[in-house]
Amino acid sequence: MATLSNSTNIFWQDCQVGRLERQKLLNQKGCVVWITGLSGSGKSTLACSLSRELHSKGKLSYVLDGDNLRHGLNKDLGFKAEDRAENIRRTGEVAKLFADAGLICVASLISPYRRDRDTCRAMLPDANFIEVFMNMPLELCEARDPKGLYKLARAGKIKGFTGIDDPYEPPINCEIEIKQENGDCPTPTLMAGQVVTYLENKGFLES
Ligand SMILES: Nc1ncnc2c1ncn2[C@@H]1O[C@H](COP(=O)(O)OS(=O)(=O)O)[C@@H](OP(=O)(O)O)[C@H]1O
Ligand SMILES: Nc1ncnc2c1ncn2[C@@H]1O[C@H](COP(=O)(O)OP(=O)(O)O)[C@@H](O)[C@H]1O
């Protein structure tokens, strides 16, 4: 893995058009909505539903999905702890750039380790990092198993699978928790609505 902070003699270059001007143009405030949870918990479903809902309100968002990033930016990384940490760090840096551009950046990654998520939180002004915990039981995720990965993990054909033989550390102080009510998972529209309401209440959907 690349060593961090190898560059020396570098200087920050400021530009006349700044974040506030971009936000005014877009009539919204840039932020990062970071969705964490087990595989199959509904991260991508929420990310897409949220992006659609924001679009219909005239708000610009962009989804960074863990699976998709691993096809490009993060294709050199696997699933051992240090690779996951680098995966989260890179994604956090990209999300920070999108937020600086004035967009509502929706990152959906398992991001199983608390420390890695907190590293991303520390990259942004605190209120601009909104951690959403998909608090779905492992049994539900495993029953869904849309990619058949839990089955492979249970059969020992995938090693170090989150929730099976690799840990998932739930958030302690997340901004939003999505969970079952009376044994039912909220619909994608309801899940997105919960996040949109939070963004509205905190003033992110106006400049
Ligand atoms: N060992 C192991 N553990 C967990 N997940 C695995 C593993 N191997 C492959 N996959 C598939 O990779 C997707 C998760 O990628 P992420 O980048 O979100 O993972 S992480 O945040 O770095 O932990 C995840 O996608 P989602 O189901 O969308 O979460 C899986 O499809
Ligand atoms: N709120 C929901 N209600 C019913 N099914 C859902 C819901 N959210 C996700 N699913 C289904 O669960 C499976 C896993 O969802 P997905 O968004 O791919 O999870 P993740 O990105 O966390 O792996 C998919 O088949 C999806 O259609």
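Residues numbered from 1 in each chain as written. Chains lettered and ligands numbered in written order. Predicted model: local features only at pLDDT ≥ 70, side-chain atom pairs only at ≥ 80, totals over all residues. Heavy atoms only, no water.

### What to know about the site of ligand 1
Argument step 1. Around ligand 1 sit 20 residues, and of these Ser-39, Arg-70, Arg-84, Asn-87 and Ser-111 come closest.
Argument step 2. In the model, an oxygen atom of ligand 1 is placed 3.3 Å from a nitrogen or oxygen of the Asp-67 side chain.
Argument step 3. Lys-147 places a side-chain nitrogen or oxygen 2.8 Å from an oxygen atom of ligand 1.
Argument step 4. Coverage of ligand 1 by the protein amounts to 92% of the 630 Å² it exposes when considered alone.
Argument step 5. Contributions of two or more residues to the shell around ligand 1 are made by helix 3 (66–69) and helix 4 (81–100).
Argument step 6. Here the shell around ligand 1 gets 3 residues from one element, more than from any other, and that element is helix 4.
Argument step 7. Considered class by class, the residues forming the shell around ligand 1 number 7 nonpolar, 7 polar and 6 charged. (Near = heavy atom within 4 Å. Polar contact = N/O pair within 3.5 Å; in protein donor to acceptor, adjacent residues only side chain to side chain. Areas by Shrake-Rupley, 256 points an atom, 1.4 Å probe, with all protein chains shown as cover. Helix = DSSP H or I, 4+ residues; strand = E, 2+ residues; numbered from the N terminus. Nonpolar A, V, L, I, M, F, W, Y, C, P; charged D, E, K, R; others polar.)

### So, the site of ligand 2
Argument step 1. Around ligand 2 sit 15 residues in total, of which Gly-40, Lys-43, Ser-44, Thr-45 and Pro-186 are the nearest.
Argument step 2. Measuring from an oxygen atom of ligand 2, one finds a backbone N or O atom of Gly-40 at 2.7 Å.
Argument step 3. At 2.8 Å from an oxygen atom of ligand 2 is found a side-chain nitrogen or oxygen belonging to Lys-43.
Argument step 4. Within the residue set of the shell around ligand 2, elements represented by two or more residues are helix 2 (43–56) and helix 8 (188–201).
Argument step 5. Considering each element in turn, the shell around ligand 2 owes the most residues, 3 residues, to helix 2.

### Details of the pairing of strand 5 (residues 176–179)
Argument step 1. Taking every second residue as pointing to the same face, the buried face of strand 5 carries Ile-176 and Ile-178, while none of Glu-177 and Lys-179 on the other face is buried.
Argument step 2. Across 4 bridges, strand 4 (residues 129–135) lies against strand 5 in parallel orientation. Bridge assignment links Asn-135 to a residue of strand 5, and that residue is Lys-179. (Buried < 20%, exposed > 50% of the residue type's maximum accessible area, 1.4 Å probe, protein only. Pairing = 2+ DSSP bridges.)

### A short note on the UniProt feature "domain: APS kinase" (unreviewed entry) in the chain
Argument step 1. UniProt's feature table lists "domain: APS kinase" (unreviewed entry) at residues 29–179, given in the numbering used throughout.
Argument step 2. Here residues 29–179 runs as 40% helix and 18% strand, with 27 Å between its end C-alpha atoms. (UniProt positions renumbered as here; feature names shortened; annotations may be inferred.)

### Some remarks on the packing of aromatic side chains
Argument step 1. If you walk through the whole model with that rule in mind, you get 4 aromatic pairs.
Argument step 2. Plain terms: the ring middles of Tyr-62 and Phe-98 are 4.9 Å apart, the flat faces sit at 15° to each other, and that makes the pair stacked. With Tyr-62 in strand 2 (residues 61–65) and Phe-98 in helix 4, this pair connects stretches of sequence that are 36 residues apart.
Argument step 3. Judged by its relative accessible area of 23%, Phe-98 falls in the partly exposed class.
Argument step 4. Above the ring of Phe-79, the side-chain terminus of Arg-70 is found at 3.8 Å from the ring centroid. (Phe/Tyr/Trp six-rings, centres within 6.5 Å; stacked < 30°, edge-to-face > 60°. Lys NZ or Arg CZ within 6 Å of the ring centre and 35° of its normal.)

### Comments concerning the pattern of salt bridges
Argument step 1. For the coordinates displayed, the defined rule picks out 12 salt bridges.
Argument step 2. For Lys-147, the salt bridge identified is with Asp-67, shortest N-O distance 2.7 Å. With Lys-147 in the loop between helix 6 (138–144) and helix 7 (149–154) and Asp-67 in helix 3, this residue pair connects regions lying 80 residues apart in the sequence.
Argument step 3. Taken together, the shared-partner salt bridges in this structure form one network comprising Asp-76, Glu-86, Arg-89 and Arg-90. (Salt bridge = Lys/Arg side-chain N within 4 Å of Asp/Glu carboxyl O.)

### Topic: helix 8
Argument step 1. For helix 8, which comprises 14 residues, the first-to-last C-alpha distance of 20 Å matches the rise-based estimate of 20 Å (1.5 Å per residue) to within 8%.
Argument step 2. Listing the buried residues of helix 8 in full gives Met-191, Ala-192, Val-195, Val-196, Tyr-198 and Leu-199. For helix 8, the buried positions fall inside an angular range of 155° around the axis, keeping them on one side. Set apart from the buried face of helix 8 by more than 90 degrees, the exposed residues are Thr-189, Leu-190 and Asn-201.
Argument step 3. Residues of helix 8 that are buried make contact with strand 1 (31–36), helix 2, strand 3 (104–108), strand 4 and strand 5. (Expected span 1.5 Å × (residues − 1). Arc of directions from axis to C-beta. Contact = heavy atoms within 4.5 Å.)

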